[in-house]
Amino acid sequence: METYHFTEFAWPYLPPDDEFSSMRVNLPSRVYDPKIGADWYNMCLDQHLLADDLGINCMINEHHQTATCLNSAAPLSVAIVARQTKNARLCILGNPVANLADPIRCAEEMAMIDNISHGRLECGFVRGVPYELFASNANPTETNERLWESIDLMTKAWTSLDGPFNYEGRWIHKRQVNVWPRPYQEPYPPIWITGGSNIAHGTETVKRGYTFAMFLTPVDGLIKMWGAIRQNLERMGLPKPADDQFAFMPLVAVGDTEEEALRLVKEVFWYVTHNKSEPQFRAPPGYVETQIYANFLSGKFSGGRTDAIRKMGMEYFRKNHVAIYGTPDSVVKQIKSLYRKTGGFGHLIAMLHAGSMSMKDVKKSMTLFAKEVVPQIKDLGTVSDRFGPLEFQGRKLLAK
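Our subject in this report is the structure included herewith. (Residues numbered from 1 in each chain as written. Predicted model: local features only at pLDDT ≥ 70, side-chain atom pairs only at ≥ 80, totals over all residues. Heavy atoms only, no water.)

**Considerations on the packing of aromatic side chains**
- For the coordinates displayed, the defined rule picks out 11 aromatic pairs.
- A centroid spacing of 5.5 Å and a plane angle of 80 degrees characterise the contact between Tyr4 and Trp192, whose relative ring orientation is edge-to-face. In this pair, Tyr4 is assigned in strand 1 (residues 2-6) and Trp192 in strand 7 (residues 191-194), connecting sequence segments 188 residues apart. The pair formed by Tyr4 and Trp192 is uniform in burial state, with each residue classed as buried.
- For the pair Trp158 and Tyr188, a centre-to-centre distance of 5.6 Å together with 35 degrees between the ring planes defines the contact as tilted. Highlighted residues: Trp158 in helix 5 (residues 143-159) and Tyr188 in the loop between strand 6 (173-177) and strand 7, separated in sequence by 30 residues.
- Three or more aromatic residues joined by ring pairs form one cluster here, namely Trp11, Tyr13, Tyr32 and Trp40.
- Between Lys156 and the ring centre of Phe165, over which it is positioned, the NZ or CZ distance is 4.6 Å.
- The ring centre of Tyr325 lies 4.3 Å from the NZ or CZ of Arg318, which sits over that ring. (Phe/Tyr/Trp six-rings, centres within 6.5 Å; stacked < 30°, edge-to-face > 60°. Helix = DSSP H or I, 4+ residues; strand = E, 2+ residues; numbered from the N terminus. Buried < 20%, exposed > 50% of the residue type's maximum accessible area, 1.4 Å probe, protein only. Lys NZ or Arg CZ within 6 Å of the ring centre and 35° of its normal.)

Here it is, written out as structure tokens:
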């Protein structure tokens, strides 16, 4: 099992809760203090350097026009970390290609980072969360198709090594595509996709040989989603996917005692309690199926950040593996239990920092996680070929 450190670079210095209805959407930027924020950026980046020193990987994401994530240009942060780290795999999760005007620019950026890091990039793509569709002026009914078309164009660009080609798709039209440099990894970096509660989306991801990631999802939701994906592939006559095609991100805190771990996880839990938005921003018409949205609001299926789930408290989060915390041995038991219940997964993204949590506390929790937890779970999981059964053979030839 591969393990990753994650922080969302969230701005913790907020006005009273009743002053603004949504930290996620309408909090004005005057709340941000650049003098404090400059140090905040560097502290968050320093966490990834620490992760590299401790032997765990790094996951970096991006969001836009929101205080929940100051990392509005993840390729910049990943490029910085790529140059300053030596060993960690660098997962960008991800590039919101469904909302990007130019996927080829994204392909160029990822190829550069893959070279700077000597082939340590894990390249993730996302549709973009519904809150950001308004600011990007994107049509929510188009984002799913745009996502797959953009990824297909980028993989074609990375593997077309004999000069320019033209591209005419449904959404994208390109002339003289000729990406320089080509990726360090051949034929291109491993691809990750996030997908919320959409089983068809997850099935397509894993069928292609990509890694499907889910965040802060109660264990029953993981069992339902990953089980349905495995069943769908079996019905298609395809091999059972390897564990490393599934990834999960819980809140994580490790302490010398249960009491210390509880204190630390409550600091990370700040992200859940403050990451709020008004209902009209959560599901623009056409973004998700009606039933999925109903399940999201009720807390029945996905999302550790729904209104219903926020009220349940830390014991609920721990019982459902949305929060994994305790002494090192306790955390190992929780991860192994989650692994068994879900049928296996190969990537654990540990959200070890949020809110105003100090670097001292992050270092304590991360060090215990890296030194005492990771060695006990590193052998969990099976590993797949780079590409799925429908694409592997053809792309294997391209790499030669």
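**Focus: the environment of Asn320**
- Relative to the assigned elements, Asn320 resides in the loop between helix 11 (314-319) and strand 11 (323-326).
- Look at Asn320 and you get buried, because its relative accessible area is 10%.
- Setting aside anything within four residues of it in sequence, one finds Asn320 in contact with Thr217, Pro218 and Val219. (Contact = heavy atoms within 4.5 Å.)

**Remarks on a positive patch on the surface**
- On the surface, a cluster of positive charge is contributed by Lys319, Lys336, Arg340 and Lys341.
- Examining the composition of the positive patch, we find that 3 residues originate from one element, helix 12 (residues 328-342), more than from any other.
- On the basis of relative accessible area, Lys341 is assigned to the partly exposed category, the value being 40%. (Patch = residues over 30% accessible without salt bridge, like charges linked within 9 Å, V, L, I, M, F, W, Y side chains within 5 Å. Areas by Shrake-Rupley, 256 points an atom, 1.4 Å probe, with all protein chains shown as cover. Salt bridge = Lys/Arg side-chain N within 4 Å of Asp/Glu carboxyl O. Lys, Arg positive; Asp, Glu negative; His and termini not counted. Charge placed at Lys NZ, Arg CZ, Asp CG, Glu CD.)

**Brief notes about helix 3 (residues 103-116)**
- Compared with the 20 Å implied by 1.5 Å per residue over 14 residues, the 20 Å span of helix 3 between its first and last C-alpha is a close match.
- Those residues of helix 3 lying buried are Pro103, Ile104, Cys106, Ala107, Met110, Ala111, Ile113 and Asp114.
- Where helix 3 is buried, its residues meet helix 2 (74-84), strand 3 (90-95), strand 4 (121-125), helix 5 and strand 6.
- Between the side-chain oxygen of the N-cap and the backbone nitrogen of Ile104 there are 3.1 Å, and the N-cap of helix 3 in question is Asp102.
- Positive backbone phi, at 55 degrees, marks His118, one or two positions downstream of helix 3. (Expected span 1.5 Å × (residues − 1). Polar contact = N/O pair within 3.5 Å; in protein donor to acceptor, adjacent residues only side chain to side chain.)

**Topic: the pattern of salt bridges**
- As enumerated under the stated definition, the model contains 15 salt bridges in all.
- A salt bridge links Lys378 to Asp379, with the shortest nitrogen-to-oxygen separation between them at 3.6 Å.
- Residues joined by salt bridges that share partners form a network here, namely Asp152, Glu204, Lys207 and Arg208.

**Observations concerning the environment of Gly37**
- Following the sequence through the fold, Gly37 ends up in helix 1 (residues 34-54).
- Separated by 24 residues in sequence, Gly37 and Tyr13 have C-alpha atoms that sit 9.9 Å apart.

**Re the side chain of Glu122**
- Along the chain, Glu122 turns up in strand 4.
- Judged by its relative accessible area of 8%, Glu122 falls in the buried class.
- Among the polar contacts made by the side chain of Glu122, one reaches the side chain of Trp192 at a distance of 2.8 Å.
- In this structure, Glu122 is in contact with Tyr4, Arg89, Leu90, Cys91, Ile92, Pro190 and Trp192, ignoring residues within four places of it in sequence.

**Some words on unusual backbone geometry**
- Look at the link from Trp180 to Pro181: it is a cis peptide, with omega at -10 degrees.
- In this structure, the amide linkage connecting Glu186 to the following residue, Pro187, adopts the cis form with an omega of -5 degrees.
- Structurally, Pro187 is set in the loop between strand 6 and strand 7.
- Although it is not a glycine, Leu216 sits at a positive phi angle of roughly 50 degrees.
- Positionally, Leu216 belongs in the loop between strand 8 (211-215) and helix 7 (219-235).
- On the basis of relative accessible area, Leu216 is assigned to the buried category, the value being 0%.

**So, the nonpolar core**
- Ranked by internal contacts, the top residues of the largest apolar core, which has 115 residues, are Phe125, Ile151, Trp158, Trp226 and Phe369.
- It is helix 13 (residues 359-377) that provides the largest number of residues to this core, a total of 8 residues.
- Aside from chain neighbours lying at most four places away, what touches Phe369 is Thr3, Ile56, Val252, Val254, Leu348, Ala350, Leu352 and Val374. (Core = buried A, V, L, I, M, F, W, Y, C linked by side-chain atoms within 4.5 Å.)

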